[in-house]
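# Working through the structure, step by step
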Amino acid sequence: MKFLTIFGFYFIWTAPLALCQEYNDYSSFISANASLAVVVDQDYMREHNVNIMAHFQKILSDTIRENLKNGGINVKYFTWSGVRLKKEFLAAMTVMSCENTLKFFKATRSNSIFLIAITDTDCPRLPLNEALMIPFVGRGEEFPQMILDAKVQNILPWKTAVVIMDETLVNENNKLVESVVHENTKSNVVPISLYLYSINDHLRTQKKRQAIREALIPFQKHPREYQQFIVFSKFYEDIIEMADNMDMFHVNNQWLFFVLEDHLRTFDHMAVTQNLAEGANIAFVLNETLPNCYNSLNCTIQELSMAFVLAISKLITEEQVIYGEISDEEWEALRYTKKEKQDDILVTMKEYLKNHSKCSTCSKWRVDTALSWGKSQEHNKGHTESFENRNKYFDFVSIGYWTSVLGFVTHELAFPHITHYFRNITLDIITIHSPPWQILKKDSKGKIIEHSGIVMEILKELSRMLNFSYVLHDASAIDPHDELHNQNETDGLLGSLTYIIPYQVVEMLQANKFFMAAVAATVDDPDKKHFNYTIPISVQKYSFISRRPDEVSRIYLFTAPFTLETWASLVGVIIITSPILFIINRLVPMQHLRVKGFCTMKNCFWYVYGALLQQGGIYLPQADSGRLVIGFWWIVVIVIVTTYCGNLVAFLTFPKFQPGLDYFFQLDRHSEYQQYGLRNGTYFEKYAASSTRSEFLKYMEKAIIYNNPHEENIEAVKKGERINIDWRINLQLIIQKDFEKDKECAFSLGKENFLDEQISMMLPSNSPYLILINEQITRLSQMGFIERWHQTNLPNNKCNGRGVMRQITNHKVNLDDMQGCFLVLLLGSLFALFVILSEHIYQQWQLKYANRNRTSFSN
């Protein structure tokens, strides 16, 4: 067992080593020198009137001789940019134009050669993890390269931008605008649609402010529209002040300011943004280039050579240490591959240049961005310090920096709130228990431990979509003696009321102590309120409840399928058809074809009547003429019977009710309603006072305003003496409760919804997040979530159309349905008794008449 374990470990250890040895065909620095190709495009140097090949050779050879103690570097020099390097080269240093650099990188990439390139400014940066590119950037020429790097590295993932520049900068740096609109599909450079506006930087005082205002007016759009601004101006403080006055710093706009300073200085973010409101997205790019940084191509070559030689020296030393501790077989399996060496060289060179660069590669710009969303909540909790004349709702953090060697090195987004919204901070939200909108469950200490309801479901989804956590605070805990709150919890009235908002909620929102109020509130005079309503999360409709109309009696159900005219026509057809059959039978010329059963009018009548009941008869006409009459009569019988049976089933299944109160204007026609009821504190009460509908005014004159179930008097409604007005969902709750109690639908809801009441949530009046909240609520509504939560939390009326259909589907024929059948049998029996009595009377009369004639004849 021990042998198997050792063998298994040996196999696991040696298998990957053998696999690495199979693919690692690049020589170790212990057995071979590193190979470097130096490519200097003489045509490019000639265009710039510079000849550096001799300087390059001297600088590189001196650097290798002085700093590489172990091993060596084989260097080959080329003066043609189109040279094709073989795979034996580890790296290549180039000085050539941007276009040729991109082509050369593509060629060397296929041969796994590490590229160290010096090229023009305003050149799309090579992949940072595969190559080292140093654009030769002069002092004050960093902006085009910075903009281009921001696009390549997706620091500014914008499709459009408004660029505001000083005229002097536009005239002196024409490549800056080109870098904004630059497009290169191969280098993944996406163009930005540009709106360029230049400001005369020679203006002063009021003229300067007027020029800035004219530049911003075309972009003063609705806050729902997203806009991005890039500002290159020494008047950035005036631009910030003017844009703030024009309400252009809102949650959907992004502002990037390049502070045009030639040397490092202390920049006071708070002083610049002291008047900005919470929620602004603003970032600054600040110059941190060292004063002793100077431009020199030879100096850049010196620093790159030193960085490369030190990286090779470090690798050689590491290989020697490892080689001395393991066997030759293990060394062949564990030694660095070519790609691993190149990655290590790249990391070492970047670290060296970052710490020791003093040439053009030492250009450095810091990027600071504002964290402002939700800062008022942190300030209220005491998490931020207050400074005099400083904006307490802003925190500025450095998200990274830019250098000509590394491009942008960032650990955070330039505008983090645009992508991450509230960055998972905790916000305080005030609410109150009000089913079915807000349902709060508390523990014995009064702490909210569970919450549900329509508004709470919306709040949960908003927290997920906008990336924040929240703590709920019950407004009733602020003032437990609030009469309105106590009344709502103890009056026992079914349903909800949103028109009256607890004063604690309004006070706290006005003081800006809570992010929002998760309370369902009726939208009423929004322009006059000291807080903001969101867009409606629900529209509640007012209707009325009354006694359900009585069902029409079914005692005459069997006459219902036909109208009175149809029954009269049917009787007439029977009366007419009987003589026709009698006459046709008598007029048959052949004696043997005459049927004795049809020789009397009475027999013909009973035959026609019996056929109508599908009873048939013992006689059939023998003549063709008689058969035609009977045949067509049976066709009539089939149509009549089929129609009657079908309609009779429908009348048995679907009950018919007496006319009821369906619309509000019909109230004057129903004098049986002596009482009118209305819940206290409804929106309808205020609306009716200013309404032009006379029926509303008449209703309010007679209305009884109730606050408790006793005054609501549902029993009077059930008896048909009263009607009540309320939200349709509240009335549905009453119907549902009564149905669950008696298993019978005793109430009727009006078909008319005569008033809509919009329900919204609430935010502080100065909240910059109203647009953001409204956008998310709109999305939830469009996706159907809000409708689903309404269906889940609001009552389902079991006496509505669907409930009636279920009752019809499960309907069983009862005595009320069949009483008409027994009435028909009773009438038939009574008529038969009358006929048989008549027959007896007629027989007695005939006997008396015969005896009288017999006596007269005897005399």
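Values in this document were obtained by computation on a predicted structure and should not be read as measured data.

Counting secondary structure elements, the protein contains 31 helices and 25 strands. Once local pairs closer than 6 in sequence are excluded, the contacts in the protein between residues at least 24 apart make up 77%.

Judged by pairing direction, the sheet is parallel, and its five strands sit side by side in the order β2-β1-β3-β4-β5 without closing on themselves. The open sheet has two edge strands with one neighbour each: β2 (73-78) and β5 (131-135). Taken over all neighbouring pairs, the strand axes of this sheet differ in orientation by 15 degrees on average, direction set aside. In the sheet, strand β1 (residues 34-40) pairs with strand β3 (residues 91-95) via five bridges, with the strands oriented parallel. Its bridge partner lying in β3, Val-39 is registered against Thr-94. Sheet contacts for helix α11 (residues 297-323): β1, β2, β3, β4 (114-119) and β5; angle to β4, the most-contacted strand, approximately 165 degrees.

Under the counting rule described, the total for this entry stands at 43 aromatic pairs. Ring geometry for Tyr-236 and Phe-267: centres 6.0 Å apart, planes at 50 degrees, overall tilted. Here Tyr-236 is found in helix α9 (residues 236-245), whereas its partner Phe-267 is found in the loop between β9 (253-258) and α10 (269-272), with 31 residues between them in sequence. With a relative accessible area of 11%, Phe-267 lands in the buried category.

What follows concerns empty space enclosed by the protein. Tallied over the full model, the rule gives two cavities of 30 Å³ or more. Considered as a void within the structure, the largest cavity measures approximately 80 Å³ in volume. Along its surface, the largest cavity is lined by Ile-147, Ala-150, Ile-155, Leu-156, Leu-256, Phe-258, Val-285, Val-367, Ile-399, Phe-408 and Ala-414. Secondary-structure elements contributing two or more residues to the lining of the largest cavity are α5 (142-152) and β9. Looking at the lining of the largest cavity, its residues break down into eleven nonpolar, no polar and no charged.

Let us now look at the nonpolar core. Core analysis: the biggest nonpolar cluster contains 56 residues, and Phe-422, Ile-458, Phe-468, Phe-684, Tyr-699, Ile-725 and Phe-754 have the highest contact counts within it. Top contributing element to this core by residue count: helix α16 (residues 454-465), with seven residues. Those residues in contact with Phe-422 that lie beyond four places of it in its chain are Trp-373, Gly-374, Leu-427, Leu-466, Asn-467, Phe-468, Phe-515, Tyr-769 and Leu-772. Core analysis: the next-biggest nonpolar cluster, separate from the first, contains 44 residues, Ile-59, Ile-116, Ile-312 and Ile-345 among them.

The next point concerns the sheet that holds strand β7 (residues 193-199). Strand order in the open sheet made by the eight strands is β7-β6-β8-β9-β10-β11-β12-β13, with mixed pairing throughout. Edge positions in the sheet fall to β7 and β13 (407-410), since each has one partner strand and no second. Averaged over neighbouring strand pairs, the angle between their axes works out to 20 degrees when direction is ignored. Looking at chain direction, strand β6 (residues 160-166) and strand β8 (residues 227-232) are connected through four bridges and run parallel. Bridging from a neighbouring strand, Met-165 pairs with Phe-232 of β8.

Turning next to the state of the cysteines. Under the criterion given, the structure shown has two disulfides. Through a disulfide, Cys-98 is tied to Cys-123; the S-S separation comes to 2.1 Å. Between Cys-98 and Cys-123, the disulfide has an S-S torsion of 80 degrees and is therefore right-handed. Linking Cys-98 in helix α4 (residues 98-110) with Cys-123 in the loop between β4 and β5, this pair joins segments that are 25 residues apart in sequence. You'll find Cys-98 and Cys-123 in the same group, each marked buried. Cys-299 shares a disulfide with Cys-359; S-S distance 1.5 Å.

How each quantity is defined
Residues numbered from 1 in each chain as written. Predicted model: local features only at pLDDT ≥ 70, side-chain atom pairs only at ≥ 80, totals over all residues. Heavy atoms only, no water. Helix = DSSP H or I, 4+ residues; strand = E, 2+ residues; numbered from the N terminus. Contact = heavy atoms within 4.5 Å. Pairing = 2+ DSSP bridges. Axes fitted to C-alpha atoms, helices over the stretch in contact; angles between N-to-C directions. Phe/Tyr/Trp six-rings, centres within 6.5 Å; stacked < 30°, edge-to-face > 60°. Buried < 20%, exposed > 50% of the residue type's maximum accessible area, 1.4 Å probe, protein only. 1 Å grid on protein atoms, 1.4 Å probe; cavity = no way out; pocket = protein on both sides within 12 Å on 5 of 7 lines; lining within 4 Å. Points joined across faces, edges and corners; volume = space filled by probe spheres on them. Nonpolar A, V, L, I, M, F, W, Y, C, P; charged D, E, K, R; others polar. Core = buried A, V, L, I, M, F, W, Y, C linked by side-chain atoms within 4.5 Å. Disulfide = S-S within 2.5 Å.

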